[in-house]
Structure formats: structure tokens, C-alpha cells
Amino acid sequence: MTAPPPILLIAAASGERQGVTEMLERRGHTVTEVEDGTQARTIVEGQPEAGLVVVLDLAHPEALKFLRAPAVQRAGIPIICIADRRKPDASSEALRLGIADLVARPVREEELTAAITNAREFSQGAGSSKPEPAPGIELPAGSVFGASPAIREVLALVRRIA
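Residues numbered from 1 in each chain as written. Predicted model: local features only at pLDDT ≥ 70, side-chain atom pairs only at ≥ 80, totals over all residues. Heavy atoms only, no water.

Engineer: For this particular structure, what's the right way to read unusual backbone geometry?
Structural biologist: Note: most peptide bonds trans; most residues except glycine with negative phi. Between Arg105 and the following residue, Pro106, the backbone shows a cis peptide bond with an omega angle of 0°. As for its position among the elements, Pro106 is in the loop between β5 (101–103) and α6 (109–128). (Helix = DSSP H or I, 4+ residues; strand = E, 2+ residues; numbered from the N terminus.)

Engineer: It is not clear to me how the side chain of Asp57 should be interpreted in this structure. Could you clarify?
Structural biologist: With respect to the helices and strands, Asp57 occurs in strand β3 (residues 53–57). The exposure class assigned to Asp57 is buried, which follows from its relative accessible area of 9%. A distance of 2.9 Å separates a polar atom in the side chain of Asp57 from the backbone nitrogen of Ala59. Here Arg105 takes part through its side chain, which lies 2.6 Å from a polar atom of the side chain of Asp57. Beyond its immediate stretch of four places on either side in the chain, Asp57 contacts Ile10, Ala11, Glu16, Ala63, Ile82 and Arg105. (Buried < 20%, exposed > 50% of the residue type's maximum accessible area, 1.4 Å probe, protein only. Polar contact = N/O pair within 3.5 Å; in protein donor to acceptor, adjacent residues only side chain to side chain. Contact = heavy atoms within 4.5 Å.)

Engineer: For this particular structure, what's the right way to read the pattern of salt bridges?
Structural biologist: When the charged atoms of two side chains with opposite charge come close together, those side chains can pair. Overall, the coordinates contain 10 salt bridges when judged by the stated rule. For Glu93, the salt bridge is made with Arg68, and the minimal N-O distance between the two is 3.4 Å. One end of the pair, Glu93, is in helix α5 (residues 88–96); the other, Arg68, is in helix α3 (residues 63–68), with 25 residues separating them in the sequence. Judged by its relative accessible area of 17%, Glu93 is buried. (Salt bridge = Lys/Arg side-chain N within 4 Å of Asp/Glu carboxyl O.)

Engineer: Hey, could you run me through the environment of Ile99 in this one?
Structural biologist: Relative to the helices and strands, Ile99 resides in the loop between α5 and β5. Each C-alpha atom of the pair Ile99 and Gln73 lies 9.8 Å from the other, and the pair is 26 residues apart in sequence. Sequence-distant contacts of Ile99, defined by excluding residues within four places in its chain, comprise Leu67, Ile79, Cys81 and Ala94.

Engineer: Looking at this structure, I do not really get the sheet that holds strand β1 (residues 7–10). What am I missing?
Structural biologist: Whenever strands of a sheet pair, they do so through backbone hydrogen bonds, lying parallel or antiparallel. Taken in spatial order, the five strands of this open sheet run β2-β1-β3-β4-β5, and their pairing is parallel. The open sheet has two edge strands, β2 (31–34) and β5, and neither has a second partner. Each strand axis lies, on average, 20° off the axis of its neighbour in the sheet, ignoring direction. Direction of pairing for β1 relative to β2: parallel, over a ladder of four bridges. (Pairing = 2+ DSSP bridges. Axes fitted to C-alpha atoms, helices over the stretch in contact; angles between N-to-C directions.)

What follows is the structure in C-alpha cells.
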């Protein structure tokens, strides 16, 4: 069994943040709490440690700005967001930006742990497959095609799963 991944928790200081931290620490995770989006981006950019998972509270004023940051997009670190009922558009935008999972508030330990496990397994699986060289463009009816490295990686993952 592998060690629980380190967690970067991005949320405003609150009782809820402390509760999430305690949940994660009970499960053996090392948790780094940050409030500032800039500080979070710096950690993500300089994170040499494989397996980092980000847990982001969408109620945080800088949540979407953090998700849109080019450094975060390139990092390939799985991000799990805590949904905010008051901001349904933020949840939709976060999903569009490629987060690994969304956990509803109030946060339940089992749901958060499952989301972290799934996100980590998915990112390890996606990272272990090497993109295939760009194939010749064939257009069979109803198929998906593309030549970018990102779409090749997605298609390789789909073929492996199928």
C-alpha cells in the first residue's frame, strides 16, 4: 500500500478548513494550508514531490484565478474542489478547467478520501502512458481525432481503459 499523498489545501482560515485538515491528517496525509493564491501557485510550481494533490475551496475568492493560472494548468497536479452552493457557476467553470473531482459541502471524510484516491490513481495512470505519435488523419464516422499531445494522451488512456 502506498503512502497517502501530500495535500495542498487552499481555503480561507475557518473552522471548516481546520476540520478538513484534521480529516486528512487522520488518514495519514501531510497537509499544507494556504490562503493566498499566489503562495499556492508558488508551491505548485516548485513542487518536486510526486503525488501532490490540491484541495481547493471554490468559496475562496481566488479559486478560479488559481485554476486558470498557466503554471497550474501545466503542472498536471490533480485538483479536487469543494463545491460552494452559492457559486454554481464556479463549479461548472472548475470542471471545464479540468479539475479531477468535485466534493459537495459539507465535506464528508469518505467522499474526500475517495476523491483523492481516484484523482491520484488517474493522474498516475495518465502519466505512465506515453503519447503515441500523431497518426495520419482518418475520419471514420463518429470518431474523435486530434494531433495535440494532450488529445493523444487522452485517446491512449481511453484505448487502455476500453
